[in-house]
Every structure is written in C-alpha cells, then in structure tokens.
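The chain contents come next:
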Amino acid sequence: MAEPKTKYDRQLRIWGEQGQAALEKASICLLNCGPTGSETLKNLVLGGVGSITVIDGSKVELGDLGNNFLVDEASIGQSKAKCVCASLQELNDVVKAKFIEEYPETLIETNPSFFSQFTLLVEDSMIKLDRICREANVILIFARSYGLTGFVRISLKVWNKACW
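Residues numbered from 1 in each chain as written. Predicted model: local features only at pLDDT ≥ 70, side-chain atom pairs only at ≥ 80, totals over all residues. Heavy atoms only, no water.

**Quick word on the sheet that holds strand E1 (residues 27–31)**
The cut-off we apply is this: A strand pair is defined by DSSP finding two or more bridges across the two strands. Note on conventions: DSSP H or I runs of at least 4 residues are helices, E runs of at least 2 residues are strands, and numbering of each starts at the N terminus. Helix axes are fitted to C-alpha atoms over the stretch in contact, other axes to C-alpha atoms as well, and angles between N-to-C directions run from 0 to 180 degrees. Here, two residues are considered to be in contact whenever any of their heavy atoms come within 4.5 Å of each other.
The sheet built from 6 strands is open, its strands ordered E3-E2-E1-E4-E5-E6 with mixed pairing. What marks the edges here is a single partner per strand, and that holds for strand E3 (96–100) and strand E6 (149–155). Strand-to-strand twist of the sheet, defined as the mean angle between neighbouring strand axes without regard to direction, takes the value 15 degrees. Bridge count between strand E5 (residues 139–146) and E6: 7 bridges; the pairing is antiparallel. For serine 145, the partnering residue across the bridge sits in E6 and is glycine 150. Where helix H6 (residues 129–136) meets the sheet, it contacts E1, strand E4 (120–123), E5 and E6, and its direction lies at approximately 35 degrees from that of E6.

Dropping the structure here:
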C-alpha cells in the first residue's frame, strides 16, 4: 500500500492537506447502483473518501452490463449492492465499504434517521429523500444521466462555505 502523500499526490496539490483530510473523514451513501451514482462513488473512492455504504435491493441484470462498469457477467443474478461495493473496495482498500441489500425506498419509510450518519448521500432515482436530508443537515446530490446528457441537483439545508 502506497504512502497517503504519494497515493493522493495530485489531489493534495489541488486542495491541500486540509481538503484531503475532510475527504478522508467523509461518509458517503449511494442509494441505488445506477450508472451515474456508481461512477460518482468510484471517483470518491479513488480520491480516498473515508467510508462508503451502498444500498440497493435489486439484482444485477443483463442490461446493467452495458451501463455500469462495476458489474460483469459473473455478477448477473447477484446482489447489485454487494457486487458494486466489492468492485469499489478493490479500487481502494483503505476505504471502509459496506453494503445493504434493501430497496432505499423501504429504508426511507422504515428508518429515515438512518441517513443522518452520513456526510453526503448520492442517489439517482428519488427526490422524496430531500426532506429527510435537510432535517438531518446531510447534503443530498441528485444525479441522473440519459445517454450523453444529464443533470445534477445539490440540496442542502443552509449554504455554508466552510463545509466545503
């Protein structure tokens, strides 16, 4: 395993040690393993985020192979959350990674306070979670892609430049 200063050298040059320390303390949750959310989480894992939790109740299907590079043919029929989490863990074994095989909608309904433990939630299919995140002061990124186009919505309780 490479020394952190060597491993994250490029990032340290951009945002410095304080920025890297903030990233290493962050706890990120991905709801549904769609292509946009999986790509976002991959970039955070490679950057050295502190921990990730992947939540998805679905199984890998043939159609997932064409739009999510974190799954392969051997993954078909297996838990999407488990497969994506395992692939992400291979990219950076320093990141603490776990998965939950449950549909996010169920978790939102049965245990909304669960999400307050995270620094950031990334999801690509639900806007209902916005209220829960605002009440818990958790930043929510809603990202969706449609072929070569897409959009991103960032929702937070109060803008605070110090949190970045």
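**Re the pattern of salt bridges**
Defined as follows: The working definition used for a salt bridge is a side-chain nitrogen of Lys or Arg within 4 Å of a carboxyl oxygen of Asp or Glu. Note on classification: 1.4 Å probe, protein chains only; a residue is buried when its accessible area is under 20% of the maximum for its type, exposed when over 50%, partly exposed between these limits.
Under the defined criterion, the tally for this structure stands at 3 salt bridges. The salt bridge involving arginine 13 is made with aspartate 9; its shortest N-O contact spans 2.7 Å. Of this pair, arginine 13 and aspartate 9 both sit in helix H2 (residues 9–25), 4 residues apart, which is roughly one turn of the helix. Salt-bridge contacts for lysine 80 lead to aspartate 64; the nearest nitrogen and oxygen are separated by 3.3 Å. Remark: aspartate 64 occurs in the loop between strand E2 (51–55) and helix H4 (80–91) and lysine 80 occurs in helix H4; sequence separation between them is 16 residues. For the pair formed by lysine 80 and aspartate 64, the shared burial category is buried.

Read these as geometric descriptors, not functional statements.
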